[in-house]
Amino acid sequence: MKRVLNINVGVLGHVDSGKTSLVAALSTQLSTAALDKHPQSKERGITLDLGFSAFTVPLPPHLSHLPYDELQFTLVDCPGHASLIRTIIGGVQIIDMMVLVVDVTKGLQTQTAECLVVGEVATSRMVVALNKVDLLQPEQERPKAVRRAIKRLGATFAMTKFAGVTMIPVSAKPAGQPGAAALGLDDLRAALVGLVPPAPRAVSGPFLFAIDHCFPIKGQGSVLTGTVLQGSVSVNDPLELPVLKLTRPVRSIQMFRSPVQRAVQGDRVGICVTQLDAGLLERGLACAPGTVPTFRGAVAAVEKIRFYAGRVPSRARFHVSVGHSTVMAGLTFFGTPDGAGLPRAAALAASIANLAAMAAQGTPMAFDAARDYLYQDELYGLEGRPQAAGPQPGQPAKQPAAGEGGSEAEAEGEGEEDRHFGPQWVLLQFDQAVTAPRDALVIGAKFDADIHGEACRLAFYGRLVRLVDPSRPEELATLRLFKLKSRSGVIERLQPDGATAIVRGLIKKESDVAVFAGLKVHFQNGLAAEGRSAEDNVVTLRCKRYIFDPNAKKVLRQ
């Protein structure tokens, strides 16, 4: 039997960009829901579900040292319609690389941009297929038109991690004629082959399998089709379906209708199990028993998606896709305290680096549950977070340099010392239980926004770093999230000892004075009896209030 290296390629793009026609022109083997076999897909003329097909090529020279006989590309045809973005998000979690299909006559469209955002989160390997080049007329002017399109699109990709991406002119169905020879496919195949890394797959960790379809076969059992995300599985191994709380033995495994005894990370296979009602499961996860938890809350390391124009506030509710589920969740954002961030110049580079660290195959920064974190009113992007303490008493406002206008100076980065740039996290409290890996990819979105609008609906992305049970206050209290509290009063008189003052307005009449005992206060110019100004009489008390501390109103800390 031939040893096959399988590479999963997501094919994404705006509806009607020609994705499915391109997949049909490339494919030599068809699998589940390939080429819009779904009846409603045929009726509506658009892709409604993930479709799978494949083609193989000889093992190229740069992979000849690997223990394989041929290279197989499994094409994951993702829907392009705005209403099906959740299906797209599920699809990109299984891909190794991506083809972004762009209608060369229309350029980047709304869903093209959303697919690009999802692609940034999912993979670092992409090629752009400029489809429908046959429509660029007259034919003798076509090369010039293609060059203009590449230059225009290149400027957009330069603002993403795909700067300098390869763009291949193609036409999957020239002149709309089914029998006409497609254009540019050899170049596209060569570009995909060139993206395959010359390193063997790391078959490590417990078995994890993304199920995209489930159907019964009479006399055999139920077949789960999908992609091995991690580890390996062999015939007769126990397989858990964590959502159903069921464990079944693997009866048989097939890869594109060929029986195999074992499947490893990256393989697309069908796994047959017995005593399973196929109607109970459509899409989800299978795993080694006991390795995938079900939970109602989690902490995730997150970044704001820079194409999202709106605010992402704490206490808001967003659609959150985690694993293969999309549910509503409440959000509480937090970050490192002031003074523990990055310079503004490093913020963009760190954001781009985080795209790789938080992608499905990356490793997010570890979460230290023992340290303090500052509560944030919202998730911030490259503009940075305002310093929580605000301007210090008596500190003069920074003035524009000679010849600068105030607003223009701010646009150029004035006031950087009043902004914080650093890692951010979110506490997610889901409306219903979620079953997903402990380090699953997370994407937050406003899917209730107008699907016909031009605004990006994807708001943030990240990775789970810690699971939390929000129904247990003592577990929430282990998250050391604090708000900075500040109170000011005025010194009415100093006592003769020079260390005691009578202060008005610092503590409310109804407050328990014992709560404030032992806390430090701040003076503008120290506590001196002589030569005091009105400003010198201002006393400020700053402290931390931990938002999940059950005694937060009784205990203040500094």
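- Per an unreviewed UniProt entry, the chain carries the name Selenocysteine-specific elongation factor and comes from Gonium pectorale.

### Digging into the packing of aromatic side chains
Phase 1 of the analysis: The full count for this structure, using the stated rule, is 12 aromatic pairs.
Phase 2 of the analysis: Here Phe334 and Phe367 contribute two aromatic rings whose centre-to-centre distance is 6.2 Å and whose plane-to-plane angle is 65°, an arrangement assigned as edge-to-face. Here Phe334, found in strand S19 (residues 325–335), pairs with Phe367, found in the loop between helix H7 (344–357) and strand S20 (373–376); they are 33 residues apart in sequence, far enough to count as distant. Exposure class is identical for Phe334 and Phe367. Each is buried.
Phase 3 of the analysis: Taken together through their ring pairs, the aromatic side chains of Phe334, Phe367, Tyr373 and Trp425 make up a single cluster.
Phase 4 of the analysis: Taking the ring centre of Phe55 as reference, the NZ or CZ of Arg189 above it sits at 5.9 Å.
Phase 5 of the analysis: The ring centre of Phe318 lies 4.6 Å from the NZ or CZ of Lys446, which sits over that ring.

### Topic: the confidence of the model for the chain
Phase 1 of the analysis: Predicted confidence across the chain gives a mean pLDDT of 83, with 82% of residues reaching 70 or more.
Phase 2 of the analysis: Within the model, pLDDT remains below 50 along residues 35–48, and this stretch shows 25 contacts once partners closer than five positions in the same chain are excluded.
Phase 3 of the analysis: Scored below 50 in pLDDT, residues 391–414 shows 16 contacts in the model against residues more than four places distant or in partner chains.

### Things to note about the pairing of S19
Phase 1 of the analysis: With eight of its 11 residues buried, S19 lies for the most part within the structure.
Phase 2 of the analysis: With six bridges joining them, strand S18 (residues 317–322) and S19 adopt antiparallel strand pairing. Looking across to S19, one finds that Arg317 is bridged to Gly330.
Phase 3 of the analysis: A loop of two residues connects S18 with S19, the two strands running antiparallel in sequence, and Gly323 in this loop sits at a positive phi of about 65°.
Phase 4 of the analysis: Pairing analysis gives seven bridges linking S19 to strand S23 (residues 424–435), with the strands arranged antiparallel. Bridging from a neighbouring strand, Gly335 pairs with Gln424 of S23.
Phase 5 of the analysis: In this structure, S19 lies alongside S20, joined through three bridges in antiparallel fashion. Paired with Phe334 across the two strands is Tyr375, which belongs to S20.

### Examining the packing of helix H1 (residues 19–26) against helix H6 (residues 185–195)
Phase 1 of the analysis: Put simply, H1 and H6 touch, their axes get as near as 11 Å, and they point 85° apart. One finds that H1 runs roughly perpendicular with respect to H6. Note on element contacts: H6 touches H1 through Leu185, Leu188 and Arg189, opposite Leu22, Ala25 and Leu26.
Phase 2 of the analysis: In terms of residue class, the contact of H1 with H6 is built from five nonpolar, no polar and one charged.

### Thoughts on H1
Phase 1 of the analysis: Those residues of H1 lying buried are Lys19, Thr20, Leu22, Val23 and Leu26. Seen along its axis, H1 keeps its buried residues to an arc of 160°; they face one direction.
Phase 2 of the analysis: Where the residues of H1 are buried, they touch strand S1 (4–13), strand S3 (51–58), strand S4 (70–77), strand S5 (97–103), strand S6 (126–131) and H6.

### What about the side chain of Arg248?
Phase 1 of the analysis: Relative to the helices and strands, Arg248 resides in strand S12 (residues 246–255).
Phase 2 of the analysis: No salt bridge is formed by the buried Arg248. Its closest oppositely charged neighbour is Asp277, at 10 Å.
Phase 3 of the analysis: Within polar-contact distance, the side chain of Arg248 engages the backbone oxygen of Gln275 at 2.8 Å.
Phase 4 of the analysis: Sequence-distant contacts of Arg248, defined by excluding residues within four places in its chain, comprise Asp237, Pro238, Leu239, Val273, Thr274 and Gln275.

### Structural notes on the nonpolar core
Phase 1 of the analysis: Formed by 54 residues in total, the largest nonpolar core has its most connected members in Leu100, Met126, Val128, Phe157, Leu458 and Leu479.
Phase 2 of the analysis: Ranked by residues supplied to this core, first place goes to helix H4 (residues 110–122) with six residues.
Phase 3 of the analysis: Two domains each donate at least three residues to this core, and these are domain 1 (4–195) and domain 3 (294–385 + 419–482).
Phase 4 of the analysis: Grouped together as the second largest cluster of nonpolar side chains are 30 residues, Val23, Phe55, Ile168 and Leu192 included.

### Section: the side chain of Ser321
Phase 1 of the analysis: Mapping Ser321 onto the fold places it in strand S18.
Phase 2 of the analysis: Since its relative accessible area comes to 3%, Ser321 is described here as buried.
Phase 3 of the analysis: A polar contact of 2.7 Å, which involves the side chain of Ser321, links it to the side chain of Thr326.
Phase 4 of the analysis: Aside from chain neighbours lying at most four places away, what touches Ser321 is Ile89, Thr326, Leu441, Val442, Ile443 and Phe447.

### Concerning the pattern of salt bridges
Phase 1 of the analysis: Scanning all chains against the criterion turns up 16 salt bridges.
Phase 2 of the analysis: Between Lys132 and Asp103 there is a salt bridge, with the nearest N and O atoms lying 3.5 Å from each other. Of the two residues, Lys132 is situated in the loop between S6 and helix H5 (142–157) and Asp103 in strand S5; the sequence distance between them amounts to 29 residues.
Phase 3 of the analysis: Take Asp103: its relative accessible area is 2%, and that puts it in the buried class.
Phase 4 of the analysis: Residues Glu114 and Arg457 are paired through a salt bridge, measuring 2.9 Å at the closest nitrogen-oxygen approach. Linking Glu114 in helix H4 with Arg457 in the loop between strand S24 (441–445) and strand S25 (458–468), this pair joins segments that are 343 residues apart in sequence. The two residues Glu114 and Arg457 agree in class, both being buried.
Phase 5 of the analysis: Through salt bridges with shared partners, one network takes in Asp372, Arg480 and Lys544.

Thresholds applied
Residues numbered from 1 in each chain as written. Predicted model: local features only at pLDDT ≥ 70, side-chain atom pairs only at ≥ 80, totals over all residues. Heavy atoms only, no water. Phe/Tyr/Trp six-rings, centres within 6.5 Å; stacked < 30°, edge-to-face > 60°. Helix = DSSP H or I, 4+ residues; strand = E, 2+ residues; numbered from the N terminus. Buried < 20%, exposed > 50% of the residue type's maximum accessible area, 1.4 Å probe, protein only. Lys NZ or Arg CZ within 6 Å of the ring centre and 35° of its normal. pLDDT = per-residue confidence, 0-100. Contact = heavy atoms within 4.5 Å. Pairing = 2+ DSSP bridges. Axes fitted to C-alpha atoms, helices over the stretch in contact; angles between N-to-C directions. Parallel < 35°, antiparallel > 145°, perpendicular 65-115°, else oblique. Nonpolar A, V, L, I, M, F, W, Y, C, P; charged D, E, K, R; others polar. Arc of directions from axis to C-beta. Lys, Arg positive; Asp, Glu negative; His and termini not counted. Salt bridge = Lys/Arg side-chain N within 4 Å of Asp/Glu carboxyl O. Polar contact = N/O pair within 3.5 Å; in protein donor to acceptor, adjacent residues only side chain to side chain. Core = buried A, V, L, I, M, F, W, Y, C linked by side-chain atoms within 4.5 Å. Domains from an automatic or database assignment.

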